[in-house]
Amino acid sequence: MGNPDGIFVSVEGIDGSGKTTQVKKIYQYLSERGYKIKITQEPTREKLGLLLREYLRNEKSDPHVDALLFAADRLEHYHNEIKPALQEGYIVVTDRYAISSYVYQSSQGVPVEWIQEVNKMSPMPDLGFYLSIDVETALERLSRENRNVIEKFENRQHLEYIKMKYESFLGPKFVEVDGNRELDVITEDLSNLIIAEYNKSD
Ligand code: ADP
Ligand code: TYD
């Protein structure tokens, strides 16, 4: 199941790696250069995304149920937002997608094959980025922000594990980008990789 016309890109990484910041900066960089770009995120701010955020407030939530909720939110996200934009020729960049489920839910004991199975109806991105960063730096950034996070997923040991899991999924369509660098340097790097992928798909 492929993606129509435009190109579909995901940005992944541990919490605090700079995904949200980079997705916004990529939007600015590419739209200033005349590209049609839409940015989006998971969990979504739609009904299912809001529901799962509420459900995950309970740290004892069943990780299998978590996986199903993330998968349901993703399927709606793909059909309602991502696919229509791709059909209109947009570059669509999402802050997190299926690899987040492979990594986070499997880290809680859910078999990765089952996670892949329940996500099968949501097509994978043409290109995925893994923004790599030291866990120490991530925690330092997050504490500086004092932000409201899903605590179930944010402690040093867990982030180290998540980082290792992410690295196990690297490959030609899921590439590592060094997130420890200056903001603008990373944005230029990511944007140029997206442009190269876009030109390839012409
Ligand atoms: P994520 O979406 O991956 O959780 P954010 O984009 O929210 O990460 O970034 C977390 C914090 O780190 C923010 O305060 C952001 O300004 C800061 N930050 C992000 N990228 C960098 C960077 N390359 N250098 C320094 N600070 C950064
Ligand atoms: P996050 O990117 O922090 O979203 P926001 O900043 O809007 O709250 O994502 C929230 C958490 O959800 C994060 O710790 C990772 C987790 N998550 C999963 O466990 N599985 C998934 O499939 C997704 C998309 C996110």
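Look above for the structure.
## Examining the overall build of the protein chain
In step 1: Regarding its fold elements, the protein chain presents eight helices and five strands.
In step 2: Helices and strands appear in the protein chain in the N-to-C order β-α-β-α-α-β-α-α-β-α-α-β-α.
In step 3: For 202 residues, the compact-globule estimate of 2.2 N^0.38 gives 17 Å, and the C-alpha radius of gyration of the protein chain, at 16 Å, lies within 12% of that figure.
In step 4: With respect to the principal axes defined by its C-alpha atoms, the protein chain has extents near 45 × 35 × 30 Å.
In step 5: By the burial criterion, 48% of the 202 residues in the protein chain qualify as buried.
In step 6: Taking the intrachain contacts of the protein chain between residues at least 6 apart in sequence as the baseline, contacts between residues at least 24 apart amount to 81%.
In step 7: Accessible surface computed for the protein chain: about 10300 Å², of which carbon and sulfur atoms make up 49%.

## Focus: the pattern of salt bridges
In step 1: Considering all chains together, one arrives at 11 salt bridges under this definition.
In step 2: With a closest N to O distance of 2.6 Å, aspartate 184 and lysine 25 form a salt bridge. Remark: lysine 25 occurs in helix H1 (residues 19-32) and aspartate 184 occurs in helix H8 (residues 183-200); sequence separation between them is 159 residues.
In step 3: Aspartate 184 gets classed as exposed once you look at its relative accessible area, which sits at 52%.

## A word on the packing of helix H2 (residues 47-55) against helix H3 (residues 63-87)
In step 1: Where H2 meets H3, the axes come as close as 9 Å, and the angle between the chain directions of the two elements is 160°. Here H3 runs roughly antiparallel to H2, going by the angle between their axes. Viewed along their axes, H2 and H3 form a crossing whose handedness is left-handed. Contact with H2, carried on its side by Leu48, Gly49, Leu51, Leu52 and Tyr55, involves Val65, Asp66, Leu69, Phe70, Ala72, Asp73 and Glu76 of H3 and no other residues of that element.
In step 2: Tallied by class, the residues present in the contact of H2 with H3 amount to eight nonpolar, one polar and three charged.

## Here we look at the site of ligand 2
In step 1: Inspection of the region around ligand 2 gives 15 residues, with Asp15, Arg74, Arg96, Ser101 and Gln105 positioned closest.
In step 2: Within the side chain of serine 101, one N or O atom sits 2.6 Å away from an oxygen atom of ligand 2.
In step 3: For ligand 2, whose unbound accessible area comes to 550 Å², protein coverage reaches 91%.
In step 4: Looking at the shell around ligand 2, the elements that each hand over two or more residues are H3 and helix H4 (98-106).
In step 5: Looking at the shell around ligand 2 residue by residue, the class counts come to five nonpolar, four polar and six charged.

## A few points about the nonpolar core
In step 1: One finds Phe8, Ile14, Ile82, Val92 and Tyr166 to be the most contacted residues of the largest nonpolar core, which totals 25 residues.
In step 2: When residues of this core are traced back to their parent elements, those giving at least two are H3, H4, helix H6 (135-145) and helix H7 (156-168).
In step 3: If you tally residues by element for this core, the top one is H4, at five residues.
In step 4: The next biggest cluster of nonpolar side chains, apart from the first, holds 18 residues, and it includes Val9, Ile37, Phe129 and Leu131.

## Structural notes on the sheet that holds strand E3 (residues 91-95)
In step 1: One open sheet holds the five strands; their spatial order is E2-E3-E1-E4-E5, and the pairing between them is parallel. Only two strands of the sheet have a single partner each, and these edge strands are strand E2 (37-41) and strand E5 (174-178). Between one strand and the next, the sheet's axes are offset by a mean angle of 25°, whatever the strand orientation.
In step 2: Both E2 and E3 contribute to a ladder of five bridges, which runs parallel. Bridged to glutamine 41 within E3 is aspartate 95.

## Some words on the side chain of lysine 19
In step 1: Examined against the element boundaries, lysine 19 turns out to sit in helix H1.
In step 2: As a buried residue without a salt bridge, lysine 19 has its nearest oppositely charged side chain in aspartate 95, at a separation of 4.9 Å.
In step 3: A polar side-chain atom of lysine 19 sits 3.1 Å from the main-chain carbonyl oxygen of isoleucine 14.
In step 4: If sequence neighbours within four positions are ignored, lysine 19 has contacts with Val11, Glu12, Gly13, Ile14, Asp95, Arg96 and Leu131.

About the cut-offs
- Residues numbered from 1 in each chain as written.
- Chains lettered and ligands numbered in written order.
- Predicted model: local features only at pLDDT ≥ 70, side-chain atom pairs only at ≥ 80, totals over all residues.
- Heavy atoms only, no water.
- Helix = DSSP H or I, 4+ residues; strand = E, 2+ residues; numbered from the N terminus.
- Rg over C-alpha atoms; globule rule 2.2 N^0.38 Å.
- Buried < 20%, exposed > 50% of the residue type's maximum accessible area, 1.4 Å probe, protein only.
- Contact = heavy atoms within 4.5 Å.
- Areas by Shrake-Rupley, 256 points an atom, 1.4 Å probe, with all protein chains shown as cover.
- Salt bridge = Lys/Arg side-chain N within 4 Å of Asp/Glu carboxyl O.
- Axes fitted to C-alpha atoms, helices over the stretch in contact; angles between N-to-C directions.
- Parallel < 35°, antiparallel > 145°, perpendicular 65-115°, else oblique.
- Left-handed = near helix turned anticlockwise from the far one by under 90°.
- Nonpolar A, V, L, I, M, F, W, Y, C, P; charged D, E, K, R; others polar.
- Near = heavy atom within 4 Å.
- Polar contact = N/O pair within 3.5 Å; in protein donor to acceptor, adjacent residues only side chain to side chain.
- Core = buried A, V, L, I, M, F, W, Y, C linked by side-chain atoms within 4.5 Å.
- Pairing = 2+ DSSP bridges.
- Lys, Arg positive; Asp, Glu negative; His and termini not counted.

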